[in-house]
Amino acid sequence: MTTFIPLISAGAAPPAAVGLMGARRILAIASVLAAMAAAVLDASSVNVALPSIARSLHLTPQQVIWVATAYQTALVMGLLPLAAIGERHGYRSTFIAGLTLFVGCAALCTLAPNFAWLVGARFLQGFGAAAIMALGVALLRQIVKPAKLGLAIGWNAMTVAFFTAAGPSLGASIVAMGDWHFLFAASLPVGLAAMCATPALPNVRESSKPFDSASVLLYCATVATFIAAAALANSRLTLSIGCAVCGLAIATRLFHRERVRGFPFLPVDLLRNKSFAASIGASICCFICQGLGLLALPFALHLRLGTSVFETGILMTPWPLAVLLMTPLTTKLLGRVNSGRLCAMGGLCLSIGLGGLAIIPRHAGIPPHLMCVIACGFGFGLFQTPNNRNMFLSAPINRSASAGGLQGTARLAGQTIGGLTFTFILGLLPIAAATRTGFAIAALSAILAGVISLLNRDLQQHPVNDDQPEQHHHR
């Protein structure tokens, strides 16, 4: 049987001190979730506007893709460094600084007169989003009492899942109704609302460990070289391979450096926890299938049903709505069904929806497509909450920011792998065959996510009881 003991570091609040009360708690939760919604929505809604931006600014497809790539690059670069900064200098101050940068850059993107301005603002905005995503759950873990942690992680999972899936639909609707500049303004009201509620956030500083600038530089160099390798894969293969080899060498050096450090910047200590590592792996697989599915779906709908951009966005909307409906139910089920089985059922439901999209015949009509899209949303919502809850409860409370950084990195890694996989398939096959192949690979990835969760020993111990105090695995 697994042994549990609370882990508290020097400078960390003891469990009894965790949790705000009354109106302050409500405002603090609203601030975190609104900021998370703005960051995720901005990341997921831009892709549908890229053709419009290219036409408006007279750009080639290879150029305009940097509007999305610049944001994603900064986001991946910033997640773990900003988690480390938050642990050293305070969650609240780092979160507010990131939120302020995000909102300011959203305004700059809205006013962007040219391509260079837009890409530069998007890059800086990505760092602001990284602070939000890395520290959001770490703050929630201090805002709510331990008995309500499962519910809080459910809220966060629902927010991330819903706005990740809703982004393309909302983006298509905005672009269909107006200029692409309005797309970047969409996150401003939500971000400003989050800023107004930030005075309610707790002021938590979990660690006094030194900040390792050398490891941060190695990490950023690793991310930059791998992204460059992916970007050059279709045009300059030799240079792409060289970047990948260089990135692998830097990553190896970083891993060996961090493995022997007492206070590692790269959270290798968390990855030694088998339960945490399994949840990270399952999350990557789940977001691979989500990234593949949401990229292949617009092509499939347009090809099979002849839908416009706006109509495609409407037909994709049931996915996020199903996520929204399923997540609160999943949170309640956590007290009756163990997390591994819930994750496995979610992976199975997601794979059924994606598999159905792979085999639906052309011109089959709207109803079968909608049924499969709804199944995907239900499966995604059923999987994410228990997987994320296990991920955070497998980490000590004083490592919440690092756990949040790894969670965000897993999500982005999965979405990026899914996107690159579909791009590669499009280069090999006709569109009709590429969409079916993409859905089939996504369905297999969903099954793999469920199997990993089902084999995770800690998820099979017993159903979650959120009436018990928060505890952490000790190995």
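Our structure is the block above this text.
These remarks concern the structure in this document. Model, not experiment: these values are computed from the prediction.

## Overview of the pattern of salt bridges
The full count for this structure, using the stated rule, is 1 salt bridge. Salt-bridge contacts for Asp42 lead to Arg122; the nearest nitrogen and oxygen are separated by 2.2 Å. Of this pair, Asp42 sits in helix H1 (residues 22-45) while Arg122 is found in helix H6 (residues 115-143), placing the two residues 80 residues apart along the sequence. Per residue, the accessibility class of Asp42 equals that of Arg122, and both read buried.

## Describing the packing of helix H18 (residues 400-428) against helix H19 (residues 431-455)
The contact between H18 and H19 brings their axes to 9 Å, and the two run at 150°. Viewed along their axes, H18 and H19 form a crossing whose handedness is right-handed. Facing Thr421, Phe422, Ile425 and Leu426 of H18, the residues of H19 in contact are Ile431, Ala434, Thr435, Thr437, Gly438 and Ile441. For the contact of H18 with H19, the class distribution of residues is 6 nonpolar, 4 polar and no charged.

## A word on the nonpolar core
One finds Phe95, Phe102, Ile132, Ile143, Tyr219 and Phe276 to be the most contacted residues of the largest nonpolar core, which totals 67 residues. Counting residues per element, this core draws most heavily on H6, which supplies 12 residues. Among all residues touching Phe102, those that are not within four sequence positions of it are Ala38, Ala39, Asp42, Tyr71, Gln125, Gly128, Ala129, Ile132 and Ser187. One finds Ala296, Leu354, Phe383 and Ala442 within the second-largest nonpolar core, a separate group that totals 33 residues.

## Structural notes on the packing of H1 against H6
Across the interface, H1 lies against H6 with an axial gap of 9 Å and an inter-helix angle of 145°. The interaxial crossing formed by H1 with H6 has left-handed handedness. Residue-level contacts link Arg25, Ala28, Ile29, Val32, Leu33, Ala35, Met36, Ala39, Val40 and Asp42 of H1 to Arg122, Gln125, Ala129, Ile132, Met133, Gly136, Leu139, Leu140 and Ile143 of H6. In terms of residue class, the contact of H1 with H6 is built from 14 nonpolar, 2 polar and 3 charged.

## With respect to helix H16 (residues 339-359)
Taking 1.5 Å of rise per residue, the 21 residues of H16 would be expected to cover 30 Å, and the 30 Å separating its terminal C-alpha atoms lies within 8% of that figure. Residue Asn338 occupies the N-cap position of H16, its side-chain oxygen lying 3.3 Å from the main-chain nitrogen of Gly340.

## Overview of a nonpolar patch on the surface
Taken together, Leu444, Ile447, Val451 and Leu455 make up a surface patch of nonpolar side chains, about 400 Å² in accessible area. Here Val451 is to be found in helix H19. Given a relative accessible area of 38%, Val451 falls into the partly exposed group.

## Considerations on the side chain of Thr159
Assignment of secondary structure puts Thr159 in helix H7 (residues 149-177). Among all residues touching Thr159, those that are not within four sequence positions of it are Leu33, Met36 and Ala37.

Definitions and limits used
Residue indices begin from 1 for each chain and proceed along its sequence in written order. Two thresholds apply to this predicted model, a pLDDT of at least 70 for residue-level local features and 80 or more for giving and counting side-chain atom pairs, whereas whole-chain, interface and lining totals are computed over all residues. The basis for every side-chain value is the complete set of heavy atoms in the structure, and neither hydrogens nor water enter the calculation. One side-chain nitrogen of Lys or Arg within 4 Å of one carboxyl oxygen of Asp or Glu is enough to make a salt bridge. Secondary structure elements are taken from DSSP: a helix is a run of H or I of four residues or more, a strand is a run of E of two residues or more, and numbering for both begins at the N terminus. When a residue's accessible area, from a 1.4 Å probe over protein chains only, is under 20% of the maximum for its type it is buried; when over 50% it is exposed; and in between it is partly exposed. With axes taken as lines fitted to C-alpha atoms, and helix axes fitted only over the stretch in contact, angles between N-to-C directions fall between 0 and 180 degrees. The handedness criterion is simple: a crossing whose near helix is rotated anticlockwise from the far helix by less than a right angle is left-handed, and one whose near helix is rotated clockwise is right-handed. Residues count as neighbours in contact if any of their non-hydrogen atoms are within 4.5 Å of one another. Amino acids are sorted into nonpolar (Ala, Val, Leu, Ile, Met, Phe, Trp, Tyr, Cys and Pro), charged (Asp, Glu, Lys and Arg) and polar (every other residue, Gly among them). Take the buried Ala, Val, Leu, Ile, Met, Phe, Trp, Tyr and Cys residues and link them wherever side-chain atoms come within 4.5 Å; each set so joined is a nonpolar core. Given a helix with a known number of residues, its expected span is that number minus one, times 1.5 Å. Nitrogen and oxygen atoms within 3.5 Å of one another constitute a polar contact, given that in protein one can donate a hydrogen and the other can accept it, and given that sequence-neighbouring residues count only through two side-chain atoms. Only residues above 30% relative accessible area that lack a salt bridge enter a patch, with like-charged residues linked at up to 9 Å and the nonpolar side chains Val, Leu, Ile, Met, Phe, Trp and Tyr linked at up to 5 Å. Working definition of accessibility: Shrake-Rupley area with a 1.4 Å probe, residue cover restricted to the visible protein chains.

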